[in-house]
Amino acid sequence: MKLQDFASVAEIVGGVAVIVSLIYVGLQVNDNTAAIRSAAASDATEAMQSWYLEMGSNRQASDIWFNAMTSREPLPTLDEFQFMLSMHAVLLGMQNSYLLSKEGTLDAEFREAVTTAIVAVKDLPGMGRFWRQRRGYFHTGFAEYVDSLLARDPVETLDMYKLSDVAPAH
């Protein structure tokens, strides 16, 4: 074999190596994308779970939240403030799910599962009070998305809201 023959063989081997490397990188990118999506879903779930756990395990927080959601009038100042912070926290988690789904990192079906809770409480006085006061603090796209949720037909909600004398009947 001549030197030029070796060069041709080396060029072919090099080309094959580049193709194999690109295939490997493509597989790694797919694996990384799946890992990122999985982490995003896990983080979104954990954020919502933490909020629900706080509400379910902290009697003061859940009492304030329930009373504020079902009261036509604002609660005493510090209780209303705590309610607003709690609502803002849960909607920030929902906003995160919305934004991640818009960029394709989080599945839109997952976003819908998370944000359907808004539809369940949309007719409660506290939800309306919160949204009127805090809408402007959210990403414009998310605020418009919540507006569309608030315009939906109501869904069945927890029986405890029905027990309240101010909660609308469904």
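Here we summarise the structure given alongside this text. Owing to the predicted nature of the structure, the values given are computational and were not obtained by experimental measurement.

**A word on the environment of Glu 46**
Line of reasoning, step 1. Among the secondary structure elements, Glu 46 is positioned in helix H1 (residues 3-57).
Line of reasoning, step 2. Here the alpha-carbon distance between Glu 46 and Gly 93, two residues 47 residues apart in the chain, equals 9.6 Å.

**Brief notes about the pattern of salt bridges**
Line of reasoning, step 1. Inspection of every chain in the model, using the stated rule, returns 6 salt bridges.
Line of reasoning, step 2. Arg 135 is the partner of Asp 147 in a salt bridge, and the nearest nitrogen-oxygen pair spans 2.5 Å. Highlighted residues: Asp 147 in helix H6 (residues 140-150) and Arg 135 in the loop between helix H5 (125-134) and H6, separated in sequence by 12 residues.
Line of reasoning, step 3. Exposure remark for Asp 147: the relative accessible area of 29% places this residue in the partly exposed category.
Line of reasoning, step 4. Its relative accessible area of 30% is what places Arg 135 among the partly exposed residues.
Line of reasoning, step 5. It is possible to trace a salt-bridge network through shared partners that takes in Arg 111, Glu 112 and Arg 152.

**Some details on the environment of Gln 82**
Line of reasoning, step 1. With respect to the element layout, Gln 82 can be found in helix H3 (residues 77-102).
Line of reasoning, step 2. Taking relative accessible area as the criterion, Gln 82 reaches 28% and is therefore assigned partly exposed.
Line of reasoning, step 3. Separated by 17 residues in sequence, Gln 82 and Trp 65 place their C-alpha atoms 8.2 Å apart.
Line of reasoning, step 4. Once residues within four sequence positions are removed from consideration, Gln 82 is found in contact with Gln 60, Ala 61 and Ile 64.

**Some points on the nonpolar core**
For soluble globular proteins, nonpolar side chains are generally found buried alongside one another.
Line of reasoning, step 1. Grouped together as the largest cluster of nonpolar side chains are 30 residues, with contacts concentrated most on Phe 83 and Leu 91.
Line of reasoning, step 2. Of all the secondary structure elements, the ones that give two or more residues to this core are H1, helix H2 (59-70), H3, helix H4 (108-121), H5 and H6.
Line of reasoning, step 3. Top contributing element to this core by residue count: H3, with 7 residues.

**A short note on a nonpolar patch on the surface**
Line of reasoning, step 1. Nonpolar side chains collect at one region of the surface, where Ile 12, Val 16 and Val 20 lie side by side and expose about 280 Å² of accessible area between them.
Line of reasoning, step 2. Considering the arrangement of structural elements, one finds Val 20 in helix H1.
Line of reasoning, step 3. According to the relative accessible area criterion, Val 20 is exposed, its value standing at 51%.

**Some words on H2**
Line of reasoning, step 1. Here H2 spans 16 Å end to end across 12 residues, near enough to the 16 Å set by a 1.5 Å rise per residue.
Line of reasoning, step 2. Those residues of H2 not exposed but buried are Ala 61, Ile 64, Trp 65, Ala 68, Met 69 and Thr 70.
Line of reasoning, step 3. The N-cap residue of H2 is Asn 58: its side-chain oxygen and the backbone nitrogen of Gln 60 are 3.1 Å apart.

Criteria and thresholds
Residues numbered from 1 in each chain as written. Predicted model: local features only at pLDDT ≥ 70, side-chain atom pairs only at ≥ 80, totals over all residues. Heavy atoms only, no water. Helix = DSSP H or I, 4+ residues; strand = E, 2+ residues; numbered from the N terminus. Salt bridge = Lys/Arg side-chain N within 4 Å of Asp/Glu carboxyl O. Buried < 20%, exposed > 50% of the residue type's maximum accessible area, 1.4 Å probe, protein only. Contact = heavy atoms within 4.5 Å. Core = buried A, V, L, I, M, F, W, Y, C linked by side-chain atoms within 4.5 Å. Patch = residues over 30% accessible without salt bridge, like charges linked within 9 Å, V, L, I, M, F, W, Y side chains within 5 Å. Areas by Shrake-Rupley, 256 points an atom, 1.4 Å probe, with all protein chains shown as cover. Expected span 1.5 Å × (residues − 1). Polar contact = N/O pair within 3.5 Å; in protein donor to acceptor, adjacent residues only side chain to side chain.

The values reported here are purely geometric and, on their own, carry no functional implication.
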